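Descriptive structure summary
Listed below are the residues making up each chain.
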Amino acid sequence: MAIPLLNLREQYLPMEAEILAEVKEIFRNQAFILGEKVEKLEHELEAYCNAGFACGVTSGSDALIIALMVEGIGPGDEVITSPFTFFATVGAIARVGAKPVFADVDLKTYNIDPARIEEKITPRTKAIIPVHIFGQCADMDPIMEIARKHGLTVIEDSAQAIGAECRGRRSGSMGDYGCFSFFPSKNLGCFGDGGAVTTSDPERAKKLKIFRNHGQCETYIHRYVGGNFRLDALQAAILSIKLRRLDQWTAARQQNAAEYARLFAGVEGITLPCEGESCTRHVYNQYTIRVADGRRDALKQFLNDRGIGCSIYYPVPLHLQECFAELGGKRGDCPVAEQLAQEVLSIPIYAESTSEMRQEVAGTIAGFMK
Ligand SMILES: *Cc1c(COP(=O)(O)O)cnc(C)c1O
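Residues numbered from 1 in each chain as written. Predicted model: local features only at pLDDT ≥ 70, side-chain atom pairs only at ≥ 80, totals over all residues. Heavy atoms only, no water.

So, on to the overall build of the protein. Within the protein, the secondary structure is distributed over 12 helices and 15 strands. In terms of overall size, the protein behaves like a compact globule, its C-alpha atoms giving a radius of gyration of 21 Å where 370 residues would be expected to give roughly 21 Å. The contacts of the protein with a sequence gap of at least 6 include a subset with a gap of at least 24, amounting to 70%. Summed over its atoms, the accessible surface of the protein is roughly 15,800 Å², and 50% of this surface lies on carbon and sulfur atoms. (Helix = DSSP H or I, 4+ residues; strand = E, 2+ residues; numbered from the N terminus. Rg over C-alpha atoms; globule rule 2.2 N^0.38 Å. Contact = heavy atoms within 4.5 Å. Areas by Shrake-Rupley, 256 points an atom, 1.4 Å probe, with all protein chains shown as cover.)

Spelled out as structure tokens, the structure:
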């Protein structure tokens, strides 16, 4: 039995008629950029994320960039973030000309360790970007407390964590901004690139919408230099259809995670993902285990050879990426992130995967680890 890491076709087919009807309507109307479909989605996201305002943008990467731009963060500024994340988090900081500064992560949750943040603050620090990695929120209360104390902006990277909760609060509603990605493999994915920024501050919301459209306040009158960060109507319409099913998919992911926990009981050398104390809703964008004794790469090969999809998110921590060499990051700077990069392996967790698949995945891993 071939077991993919993700099967989006299976998710699509039951929605096909509904989606094609929306696509046809938009094609007939020939109104493709922003407009009422995007506004409708923005209101639905505001309700879902429990945030005052949502602004649809071109991608999760652009969501981070536009939030940094609205804050006026650029050359000479520093932004503290996690070294264990997808490249885009740190790429966004570099793209606006600011300097990424890394605070190491927690071994259990893989999220930024709030206890490592304050030592990284300098007079140049302007913001913190906690990343809610794999669908679990970073521990936001201490992060917000540090940010308020030092007058820093908090931009949540919620790309992997739509609907996740920290102490009962939704991802994207706790910081000054929440940045979401609708890349197809995220828990709420569109049919191309897409993203959104949430905020509960009406001034920031207004600026986000101006920056999204080249900083234009009235037609051809530009107060700021923004960019083209506009979400298109097709993606918004598809996302509205999918958002109605998101809670059901999330529940399936959580049940799948619970089943893995039972199946892996007693398997030595495997550490399962752990829900931290502050986590009240993990949405399992990934189910990421740790493999001991330097056996991760061999296990990955073993699974792939048997048709079982699995992937390493992420093999190189950001402080060791070649493109950031001039920042002077070296091995040993973030030992936990470096350990994770050697040990992590993500295995199939998607909503439509079956119990039979999970039994085969867990059984094959147990057989290898013996
Ligand atoms: C996917 C992702 C992004 C970027 O989103 P895109 O829509 O692919 O641009 C940013 N941060 C994290 C943590 C992500 O997983």
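By nearness alone, 15 residues border the ligand, and Ser61, Asp157, Gln160, Ser181 and Lys186 come closest of all. Contacts to the ligand include Gly60, whose backbone N or O atom sits 2.8 Å from an oxygen atom. Here an oxygen atom of the ligand and a side-chain polar atom of Lys186 are 3.0 Å apart. Taken by itself the ligand offers 380 Å² of open surface, and the protein chains cover 93% of this. Among the cavities detected, the one that contains the ligand is the largest pocket. Counting residues per element, the ones that place at least two in the shell around the ligand are α4 (60–70) and α5 (87–95). Tallied by class, the residues present in the shell around the ligand amount to 5 nonpolar, 8 polar and 2 charged. (Near = heavy atom within 4 Å. Polar contact = N/O pair within 3.5 Å; in protein donor to acceptor, adjacent residues only side chain to side chain. 1 Å grid on protein atoms, 1.4 Å probe; cavity = no way out; pocket = protein on both sides within 12 Å on 5 of 7 lines; lining within 4 Å. Sits in = over half its atoms within 2 Å of the grid points. Nonpolar A, V, L, I, M, F, W, Y, C, P; charged D, E, K, R; others polar.)

For the protein, the domain assignment lists domain 1 (8–103 + 110–243) and domain 2 (246–369). Relative to domain 2, the C-alpha centre of domain 1 lies at a distance of 25 Å. Taken together, the 37 residues of domain 1 in the interface contact 35 residues of domain 2. Here domain 1 meets domain 2 over a buried area of about 3,100 Å², counting both sides, of which 61% is carbon and sulfur. (Domains from an automatic or database assignment. Buried area = accessible area lost by both parts, 1.4 Å probe.)

Nonpolar side chains collect at one region of the surface, where Phe27, Phe32 and Ile33 lie side by side and expose about 280 Å² of accessible area between them. Structurally, the position occupied by Ile33 is in the loop between α2 (16–29) and α3 (36–49). (Patch = residues over 30% accessible without salt bridge, like charges linked within 9 Å, V, L, I, M, F, W, Y side chains within 5 Å. Salt bridge = Lys/Arg side-chain N within 4 Å of Asp/Glu carboxyl O.)

We now examine the pairing of strand β2 (residues 78–81). Side chains Glu78 and Ile80 project from β2 onto one buried face, and the interleaved Val79 and Thr81 project onto a second face that is buried too. In the sheet, β2 pairs with strand β3 (residues 99–102) via 4 bridges, with the strands oriented parallel. Note on β3: the bridge partner recorded for Glu78 is Lys99. Remark: the β2/α5/β3 crossover connection has right-handed handedness. (Buried < 20%, exposed > 50% of the residue type's maximum accessible area, 1.4 Å probe, protein only. Pairing = 2+ DSSP bridges. Right-handed = clockwise from strand over helix to strand, strands pointing away.)

Relative orientation of the contacting elements α4 and α5 amounts to 35 degrees, with a least axis distance of 9 Å. The interaxial crossing formed by α4 with α5 has right-handed handedness. Two secondary-structure elements touch here, α4 through Ser61, Leu64, Ile65 and Leu68 and α5 through Ala88, Thr89, Ala92, Ile93 and Arg95. A class-by-class count of the residues in the contact of α4 with α5 yields 6 nonpolar, 2 polar and 1 charged. (Axes fitted to C-alpha atoms, helices over the stretch in contact; angles between N-to-C directions. Left-handed = near helix turned anticlockwise from the far one by under 90°.)

Here the idea is plain: a probe the size of a water molecule rolls over the atoms and shows the empty space left. Within this model, the largest pocket holds a volume of roughly 510 Å³. Lining of the largest pocket is provided by 33 residues; of these, Phe86, Gln160, Phe183, Ser185 and Lys186 occupy positions nearest its centre. When residues of the lining of the largest pocket are traced back to their parent elements, those giving at least two are α4, α5 and β8 (177–181). Residues belonging to the lining of the largest pocket are distributed by class as follows: 18 nonpolar, 11 polar and 4 charged. Each of domain 1 (8–103 + 110–243) and domain 2 (246–369) contributes no fewer than three residues to the lining of the largest pocket. (Points joined across faces, edges and corners; volume = space filled by probe spheres on them.)

Summed over all chains, the structure comprises 15 aromatic pairs. Among the aromatic residues, ring-to-ring pairing joins Phe84, Phe86, Tyr110, Phe134, Tyr313 and Tyr314 into one connected group. The ring of Tyr48 carries the charged tip of Arg170 above its face, separated from the ring centre by 4.8 Å. Between the NZ or CZ atom of Arg306 and the centre of the ring of Phe302, over which it lies, the distance is 3.6 Å. (Phe/Tyr/Trp six-rings, centres within 6.5 Å; stacked < 30°, edge-to-face > 60°. Lys NZ or Arg CZ within 6 Å of the ring centre and 35° of its normal.)

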